[in-house]
2 protein chains.
Amino acid sequence: MELSIQKIEALIRLSTIVMLVLTACLIGLDSQTKVIFYVQKKASFKDLRALVGLLYITSLAAAYNLLQLCCSSFSASYKGTSLQSYAYLAWLRYILDQAVVYAVFAGNLAALEHSFLVLTGEENFQWLKWCNKYTRFCTQIGGSLLCGFVASLLMFSIASISAFNLFRLYSPTKFMHLKL
Amino acid sequence: MELSIQKIEALIRLSTIVMLVLTACLIGLDSQTKVIFYVQKKASFKDLRALVGLLYITSLAAAYNLLQLCCSSFSASYKGTSLQSYAYLAWLRYILDQAVVYAVFAGNLAALEHSFLVLTGEENFQWLKWCNKYTRFCTQIGGSLLCGFVASLLMFSIASISAFNLFRLYSPTKFMHLKL
């Protein structure tokens, strides 16, 4: 049964990588040129700081997951190593996984908020809306954000699995005692 | 030792509630009136959708933590009840805590992103910056966001404790087996 949770984790990590790469590609390849008032203007993801940030975050998260996928074959089971060193490894994975899921979630959310403002404008601040002019551009961003949120959800389940793998090493009655 | 982690959790929850209430108050009481071009204009948190959202989220999160603090005295230890029903309770707490920490984090981040745009403006979209006009208003928002992020950090440690409380009930070798 130990193998089964390993396989589930590997499967989720693989689909996460696919989703993250898809998000990054959809953002990175998004640009639209349009003539507005006889002037040719171009909208690209570089105009929105939050999208540039999301591109970096998703690329790094995909690389991290790939690394974890490669490493997991080395630490597949703690039967070979001592329990103490396995616990250190599990702590490391727990903290890294948590950090990455929060980073991906944060990047997506910032991009969503920014895009939402572009979509609706803000009358109080006299900010104009732009999506009625760059429709295809905005639709593609919407698709990439959807992929990004699916990736966040997958990463959340990975973080839960790594928490499970870590904390089940501890005693249910004594505080912070490893059970042997 | 079982009591000690309960006390730590209660202490963290209390300080989280203080931080969340502080955030909500700083946002809710923030408004500034200024004369611009002979017209009296008022900036309040209601102008930024993300701040209104953050106000609701922090209030709800504070209420949730207060409820958990009250309930925790009933489920202080699983020695009285059966392990199975204690595990169900631990799952419930784990899922609720995770949901609340992500909600608070998301609310803060959306507000930060929105405020950042107000601070810097966006030249590509011809969006004006407003913080040079409403300085005190913006400083207060900055303070509330800082409190909000401290609260998120505290809530993250609570979520880790509830994960610890849940997953240490499970066997380290058999998948999803409670240990008795």
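Starting afresh in each chain, residues are numbered from 1 along the sequence in its written order. Both sets of labels track the order of writing: A upward for chains, 1 upward for ligands. Side-chain atom pairs in this predicted model are given and counted only at pLDDT of 80 or more, local residue features only at pLDDT of at least 70, and totals for whole chains, interfaces and linings cover all residues. Working from all heavy atoms in the structure, the side-chain values ignore hydrogens and water.

1. Thoughts on the pattern of salt bridges
Residue and element names in this part refer to chain A. Condition: Here, a salt bridge means any Lys or Arg side-chain nitrogen found within 4 Å of an Asp or Glu carboxyl oxygen. The helix and strand labels rest on DSSP assignments: H or I over at least four residues marks a helix, E over at least two residues marks a strand, and numbering proceeds from the N terminus.
Using the criterion set out here, one finds 6 salt bridges over all chains in the structure. Note that Arg93 and Glu9 form a salt bridge whose closest N and O atoms lie 3.5 Å from each other. Taken as a pair, Arg93 in helix α3 (residues 83–120) and Glu9 in helix α1 (residues 2–28) lie far apart in primary sequence, 84 residues in all. Arg13 is paired through a salt bridge with Asp97; the nearest N and O atoms lie 3.2 Å apart. Within this pair, whereas Arg13 is found in helix α1, its partner Asp97 is found in helix α3, the two being separated by 84 residues in sequence.

2. Describing the UniProt feature "transmembrane region" (unreviewed entry) in chain A
Residues and elements named next belong to chain A. Worth spelling out the cut-off: UniProt positions are given in the numbering used here, feature names are shortened, and annotations may be inferred rather than shown by experiment.
The UniProt feature table records "transmembrane region" (unreviewed entry) at residues 12–29, 50–67, 99–120 and 141–167. In this annotation, residues 12–29 is assigned 94% helix and 0% strand; the end-to-end C-alpha distance for the span is 26 Å. Between the end C-alpha atoms of residues 141–167 there is a gap of 38 Å, over a span that is 100% helix and 0% strand.

3. Structural notes on the environment of B:Phe149
Residue and element names in this part refer to chain B. Quick reminder of the rule: Contact between two residues is taken to exist if any of their heavy atoms lie within 4.5 Å; hydrogens are not considered.
Inspection of the secondary structure assignment puts Phe149 in helix α4 (residues 135–167). Through-space distance from the C-alpha of Phe149 to that of Gln84 is 36 Å; in sequence the pair is 65 residues apart. The contacts of Phe149, once residues within four sequence positions are left out, are Phe105, Asn108, Leu109 and Leu112.

4. A word on the side chain of A:Gln98
Condition: Exposure categories follow from relative accessible area, calculated using a 1.4 Å probe and restricted to protein chains: below 20% of the type maximum is buried, above 50% is exposed, and the middle band is partly exposed.
Looking at the element boundaries, A:Gln98 is found in helix α3. The class of A:Gln98 is buried, set by a relative accessible area of 6%. Excluding residues within four positions of it along the chain, A:Gln98 makes contact with A:Ala159 and B:Phe156.

5. Observations regarding the packing of α3(A) against helix α3 (residues 83–120) of chain B
This is how the line gets drawn: The angle between two axes is taken between their N-to-C directions and runs from 0 to 180 degrees, where each axis is a line fitted to C-alpha atoms and a helix contributes only its stretch in contact. An angle below 35 degrees is treated as roughly parallel, one above 145 as roughly antiparallel, one from 65 to 115 as roughly perpendicular, and anything else as oblique. Crossing chirality is assigned from the near helix's rotation relative to the far helix, an anticlockwise turn below a right angle marking it left-handed and a clockwise turn marking it right-handed. Under the grouping applied here, Gly and all other residues not named as nonpolar or charged are polar, the nonpolar ones being Ala, Val, Leu, Ile, Met, Phe, Trp, Tyr, Cys and Pro and the charged ones Asp, Glu, Lys and Arg.
Interhelical geometry of α3(A) versus α3(B) gives an angle of 45° and a closest axis separation of 9 Å. When the axes of α3(A) and α3(B) are compared, the pair comes out oblique. When the axes of α3(A) and α3(B) are compared, the crossing they make is right-handed. Mapping the contact onto sequence places A:Val101, A:Tyr102, A:Phe105, A:Ala106, A:Leu109, A:Ala110, A:Glu113, A:His114 and A:Leu117 in α3(A) and B:Val101, B:Tyr102, B:Phe105, B:Ala106, B:Leu109, B:Ala110, B:Glu113, B:His114 and B:Leu117 in α3(B). Partitioned by chemical class, the residues of the contact of α3(A) with α3(B) number 14 nonpolar, 2 polar and 2 charged.

6. Details of the packing of aromatic side chains
For clarity, the threshold we go by: Pairs were defined over the aromatic rings of Phe, Tyr and Trp, the Trp ring being its six-membered one, requiring ring centres within 6.5 Å. Orientation was assigned from the angle between planes: stacked under 30 degrees, edge-to-face over 60, tilted for the rest.
For the structure shown, the criterion picks out 16 aromatic pairs over all chains. Geometrically, the ring pair formed by A:Phe105 and B:Tyr102 is edge-to-face, given 5.2 Å between the ring centres and 85° between the ring planes. In this pair, A:Phe105 sits in helix α3 while B:Tyr102 sits in helix α3, so the two residues belong to two different chains. Residue A:Phe105 is classed as buried on the basis of its relative accessible area of 13%. A centroid spacing of 6.4 Å and a plane angle of 25° characterise the contact between A:Phe105 and B:Phe105, whose relative ring orientation is stacked. Residue A:Phe105 is found in helix α3, and its partner B:Phe105 is found in helix α3; the two belong to separate chains.

7. Focus: the environment of B:Ser85
In this structure, B:Ser85 sits in helix α3. Measuring from C-alpha to C-alpha, the distance between B:Ser85 and B:Leu67 comes to 20 Å, with 18 residues separating the pair along the chain.

8. Observations regarding the confidence of the model for chain A
Test applied: How sure the predictor is of each residue is captured by pLDDT, a score from 0 to 100.
Taken residue by residue, chain A gives an average pLDDT of 79. The fraction at 70 or more is 84%. Per the prediction output, this complex has pTM 0.78; the corresponding ipTM is 0.70.

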